[in-house]
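Spelled out, the chains give:
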Amino acid sequence: MQGIAERVEELQKNKTNEEDKKQPKCFICMDTGIILYKRITSFGYEAEYAARCTCSAGNQYIYEGRECKDHKSEYRIATIDEVLDKYELAQNNFQQWIAKSREATNHEG
Ligand SMILES: [Zn+2]
């Protein structure tokens, strides 16, 4: 799990301002392919989980442990469909993105 979170951070850092202004192909994951979300565990603390998006960017994160021949494991990355309301998420991301791009335009003009 830690590896994925680090990778997402790296992707976000590498984004230039120019790329920020471009409309993402996918508002669910903002083209990162992965969505981090927080859940309260049965132990009562908040833990961060990752779910992969169902778009092409998310396909690179497909990890079905049970289908691995060499290292059998029950571990897999859930798809966003299984854990969150992706339409709500996309809507929130879209609104944030619109607000951000408007702000950027105002600074320029
Ligand atoms: Zn996506």
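The preceding data block contains the structure.
Now for a description of the structure that goes with this document. (Residues numbered from 1 in each chain as written. Predicted model: local features only at pLDDT ≥ 70, side-chain atom pairs only at ≥ 80, totals over all residues. Heavy atoms only, no water.)

**A look at unusual backbone geometry**
For residues besides glycine, phi is generally negative; the peptide bonds are generally trans as well. Keep this limit in mind: Secondary structure elements are taken from DSSP: a helix is a run of H or I of four residues or more, a strand is a run of E of two residues or more, and numbering for both begins at the N terminus.
A positive phi angle, close to 55°, is found at M30, a residue other than glycine. In this fold, M30 is placed in the loop between helix 2 (17-21) and strand 1 (34-40). For D31, which is not a glycine, the phi torsion comes out positive at approximately 65°. Here D31 is to be found in the loop between helix 2 and strand 1.

**Side note on the pairing of strand 1**
Note the threshold: When DSSP locates at least two bridges between a pair of strands, those strands are taken to pair.
As defined by bridge partners, strand 1 adjoins strand 2 (residues 46-52) across seven bridges and the pair is classed as antiparallel. Across the sheet, K38 pairs through a bridge with E48, a residue of strand 2. If you look at the hairpin formed by strand 1 and strand 2, you'll find five residues sitting between the two strands, and G44 has a positive phi there, around 90°.

**Some remarks on the coordination of the zinc ion**
Four donors placed tetrahedrally around a metal ideally meet at 109.5 degrees, and six donors placed octahedrally ideally meet at 90 or 180 degrees. Quick reminder of the rule: Metal donors were taken as nitrogen, oxygen and sulfur atoms no farther than 2.8 Å from the ion, or 3.2 Å where the ion is Na, K or Ca. Water is excluded, so coordination may look unfinished. Irregular is the default label, applied whenever a site is not tetrahedral (four donors, all angles between 85 and 135 degrees) and neither square planar nor octahedral (four or six donors, opposite donors over 155 degrees apart, all other angles between 65 and 115). Only protein chains enter the calculation, and the probe is 1.4 Å; a residue is then buried if its accessible area is under 20% of its type maximum, exposed if over 50%, and partly exposed in between.
Protein coordination at the zinc ion comes from C26 (SG), C29 (SG), C53 (SG) and C55 (SG), with a distance range of 2.2 to 2.3 Å. Bound by four donor atoms, the zinc ion shows angles of 107 to 113° at the metal and therefore tetrahedral coordination geometry. The sequence motif formed by the donor residues of the zinc ion is C-x2-C-x23-C-x1-C. Both residues of the pair, C53 and C55, count as buried.

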